[in-house]
Amino acid sequence: MTVDRTLTAEERRLSQTAMRDQSVLSSLAMNCGSETLLILLALSLGIPETIVSATGSLQLFSYTFLPLGFLLAARIYSGVTSW
């Protein structure tokens, strides 16, 4: 909706909250739906269930390397080149 006036602080806060909530729900739905479609596609192509489940768990395994990524990004951002 477009209005010909400046929004009040309360109106801005409410619209930002609504946009945030919509984005969160949309991303959750998209993530769940696309993951399910990929699993069904892989199984329909004849890929064994063990490979499909192992591939799905790789995402969770990658979380173990997340702290290393934070440290690496901090070093790159701060300009430190030596370990």
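Small disclaimer: the values here were computed from a predicted structure and weren't measured.

A.B. asks: Before we move on, can you summarise the packing of aromatic side chains with the specific residues and values?
C.D. replies: Counted by the stated rule, this structure contains one aromatic pair. Their ring planes at 85° and their centres at 5.6 Å tell us that Phe61 and Phe65 sit as a pair that is edge-to-face. On the basis of relative accessibility, which here comes to 47%, the residue Phe65 falls in the partly exposed class.

A.B. asks: Can you lay out the pattern of salt bridges for me, pointing to particular residues and giving the numbers?
C.D. replies: If charged atoms from side chains of opposite charge come close, those side chains can pair. Summed over the entire model, instances satisfying the criterion amount to three salt bridges. Arg5 is paired through a salt bridge with Glu11; the nearest N and O atoms lie 2.9 Å apart. Exposure remark for Arg5: the relative accessible area of 47% places this residue in the partly exposed category. Here Glu11 falls in the partly exposed class, since its relative accessible area comes to 29%. A salt bridge links Asp21 to Arg20; the shortest N-O distance between them is 3.0 Å.

The rules behind the values
- Residues numbered from 1 in each chain as written.
- Predicted model: local features only at pLDDT ≥ 70, side-chain atom pairs only at ≥ 80, totals over all residues.
- Heavy atoms only, no water.
- Phe/Tyr/Trp six-rings, centres within 6.5 Å; stacked < 30°, edge-to-face > 60°.
- Buried < 20%, exposed > 50% of the residue type's maximum accessible area, 1.4 Å probe, protein only.
- Salt bridge = Lys/Arg side-chain N within 4 Å of Asp/Glu carboxyl O.

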